[in-house]
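Here are the chains, one letter per residue:
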Amino acid sequence: MMIRAFTSLILLLLMNQSPTTIFRFNNDADVSAWNIVDDRVMGGISRSYFELTEDGYGKFHGFVTTESNGGFSSVAYDFDKLQVSPADKIRIKIKGDGKTFQLRVKAFAGDRHNYIKEFDTTGEWQIVEIALSEMIPSWRGNQLRIPNFDKNQITSVTVLIGNGKKQNFELLMESIEVVK
C-alpha cells in the first residue's frame, strides 16, 4: 500500500513538472505569427529574416550593423497569456553560430519593457534554460529600476541579437517551453 502511494506521488510530481510548449517548430508549423523587428524602426539598417527550414526548424538569420544608429535584430512571438511563476524556467532548444543572443519575455501585451537574459551559443545543438526570476527589466537597452521578473504570466517571447558590432548571424530553433 505504501509503495503504491509513493509511486502515485512520484507520478503526480512528474506530471506537474512536464513542460508547457510555447512553440514547437516542425515541417507543419505555421511561423506567420513570428514578427521581425530590426533597428530600422529607429533609422538603422540591420536586416533579418525568419523562416521555416526544410528540416522544420525556425531559422532567424541576417546581418546586424551599428551604422545609422542601429545595432539590433529580433524576432518575436505573441500569444495568449500563459500562466507562469517566477520560479519557472524558459527552455529553448537551439543551434546558434557561436554568438550571444538575448531571450526576452513580456508579462503583459501592453508593456513597453521586456525582461531579458543573454545566452551564448556554441555552434552545436544545445538546450538553454533561463529562470524567469533571473530576467532583468529593460526598455530600449536600459535596465529599469524595478524588480526582476516577478509576474504570474507571459504573453510573448523574443530572440534578439545586438552585440554592438557588425556581424552576420544565424540561429536555428527547435522548441520553446516553460518548465516548472
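Structural notes, computed from the coordinates. (Residues numbered from 1 in each chain as written. Predicted model: local features only at pLDDT ≥ 70, side-chain atom pairs only at ≥ 80, totals over all residues. Heavy atoms only, no water.)

**A short note on the packing of aromatic side chains**
Quick note on the threshold: Note on ring pairs: Phe, Tyr and Trp rings are taken, using the six-membered ring of Trp, and paired if centres are within 6.5 Å. Classes follow the plane angle, with under 30 degrees stacked, over 60 edge-to-face and the rest tilted.
For the coordinates displayed, the defined rule picks out 13 aromatic pairs. Taken together, a centroid distance of 4.6 Å and an interplanar angle of 50° make the contact between F23 and F25 tilted. Clustering of aromatic rings is evident, with ring pairs tying together F23, F25, W34, F50, Y77 and F79.

**Details of the side chain of K106**
Let me state the cut-off plainly: Helix and strand assignments follow DSSP, with helices taken as H or I runs no shorter than four residues and strands as E runs no shorter than two, numbered in order from the N terminus. For every residue, the accessible area obtained with a 1.4 Å probe (protein chains only) is divided by the maximum for its type, and the residue is called buried under 20%, exposed over 50%, and partly exposed between those limits. Only four residue types enter the tally: Lys and Arg on the positive side, Asp and Glu on the negative side, with His and both chain ends excluded. Whenever Lys or Arg places a side-chain nitrogen within 4 Å of a carboxyl oxygen from Asp or Glu, that contact is recorded as a salt bridge. The definition of a polar contact used here is a pair of N or O atoms within 3.5 Å, where within protein one atom must be able to donate a hydrogen and the other to accept one, and adjacent residues in sequence count solely through side-chain atom pairs. What makes two residues a contact is simply this: any of their non-hydrogen atoms within 4.5 Å.
In this structure, K106 sits in strand β7 (residues 100–106). Within the buried core, K106 has no salt-bridge partner, and the shortest N-O distance to an opposite charge, that of D78, equals 6.7 Å. A polar atom in the side chain of K106 sits 2.8 Å from the backbone oxygen of D111. Each residue touching K106, except ones within four places of it in the same chain, is listed here: D111, R112, H113, N114, I154, T155 and S156.

**Concerning the pattern of salt bridges**
Scanning all chains against the criterion turns up 10 salt bridges. For D88, the salt bridge identified is with K180, shortest N-O distance 3.1 Å. A residue pair is termed long-range when its members are at least 10 positions apart, and D88 in the loop between β5 (73–83) and β6 (89–95) and K180 in the segment after β13 (167–179) qualify at 92 residues. A relative accessible area of 4% means that D88 is categorised as buried. With a closest N to O distance of 2.8 Å, R91 and E129 form a salt bridge. In this pair, R91 sits in strand β6 while E129 sits in strand β9 (residues 125–131), placing the two residues 38 residues apart along the sequence.

**Considerations on the pairing of strand β4 (residues 58–64)**
The test is simple: Whether two strands pair comes down to DSSP finding at least two bridges between them.
Taken across its 7 residues, β4 has 5 buried, putting it largely inside the fold. Sheet analysis places strand β3 (residues 47–52) next to β4, joined by 6 bridges and oriented antiparallel. The partner of E51 across the bridge, within β4, is K59. From the end of β3 to the start of β4, which pair antiparallel, there are 5 residues, and G56 there has a positive phi angle of about 90°. The pairing of β4 with β13 spans 7 bridges and is antiparallel. Bridging from a neighbouring strand, K59 pairs with L172 of β13.

**Section: the sheet that holds strand β11 (residues 142–143)**
Within a sheet, each strand pairs with its neighbour through backbone hydrogen bonds, oriented either parallel or antiparallel. In spatial order, the strands read β2-β5-β12-β7-β8-β10-β11; together these 7 strands make up an open sheet with antiparallel pairing. The open sheet has two edge strands with one neighbour each: β2 (34–38) and β11.

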